[in-house]
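Take a look at the letters that make up each chain.
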Amino acid sequence: MEINIEELERLLRDRFEGNQAKMARVLGVSRYQLNTVFNNNGKCAGKKIIGSIIKYCDNNELDFHKYIFLN
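Residues numbered from 1 in each chain as written. Predicted model: local features only at pLDDT ≥ 70, side-chain atom pairs only at ≥ 80, totals over all residues. Heavy atoms only, no water.

Student: Help me out: how do you make sense of the side chain of N4 in this one?
Tutor: Checked against the element boundaries, N4 lands in the loop between β1 (2-3) and α1 (5-16). Its relative accessible area of 13% is what places N4 among the buried residues. Not counting residues up to four positions away in its chain, the partners in contact with N4 are K66, Y67 and F69. (Helix = DSSP H or I, 4+ residues; strand = E, 2+ residues; numbered from the N terminus. Buried < 20%, exposed > 50% of the residue type's maximum accessible area, 1.4 Å probe, protein only. Contact = heavy atoms within 4.5 Å.)

Student: What should I look at first to understand the nonpolar core in this one?
Tutor: It is characteristic of soluble globular proteins that their nonpolar side chains tend to be buried jointly. The biggest cluster of nonpolar side chains holds 23 residues, and the ones touching the most others in it are I3, L8, L11, M23 and I53. Going through the elements one at a time, α1, α2 (20-27), α3 (31-39) and α4 (47-59) are the ones with two or more residues in this core. (Core = buried A, V, L, I, M, F, W, Y, C linked by side-chain atoms within 4.5 Å.)

Student: Would you explain the pattern of salt bridges in this entry?
Tutor: Two side chains that carry opposite charge are able to pair once their charged atoms sit near each other. Enumeration according to the criterion identifies three salt bridges in this entry. The partner of E17 in a salt bridge is K22, with the nearest N and O atoms 3.2 Å apart. Under the relative-accessibility criterion, E17 is labelled exposed at 64%. Judged by relative accessible area, K22 falls into the partly exposed class, the value being 27%. A single salt-bridge network, built from bridges that share partners, covers E7, R10 and K66. (Salt bridge = Lys/Arg side-chain N within 4 Å of Asp/Glu carboxyl O.)

Next up, the structure:
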């Protein structure tokens, strides 16, 4: 699985006012983990990050396929 970093950045701007700390808190991950994903263009996202994005999308009626590519 791979993160669509452009769409995740858009989600950060649109839903979290560009605040990574707020997004991390809502997703239930550390700010460090989330920052690492953004700094590495989504290439280092682990199960926790991916699972939290899927859960957030499910809870907010968003299509997680927009943010996560299934390989």
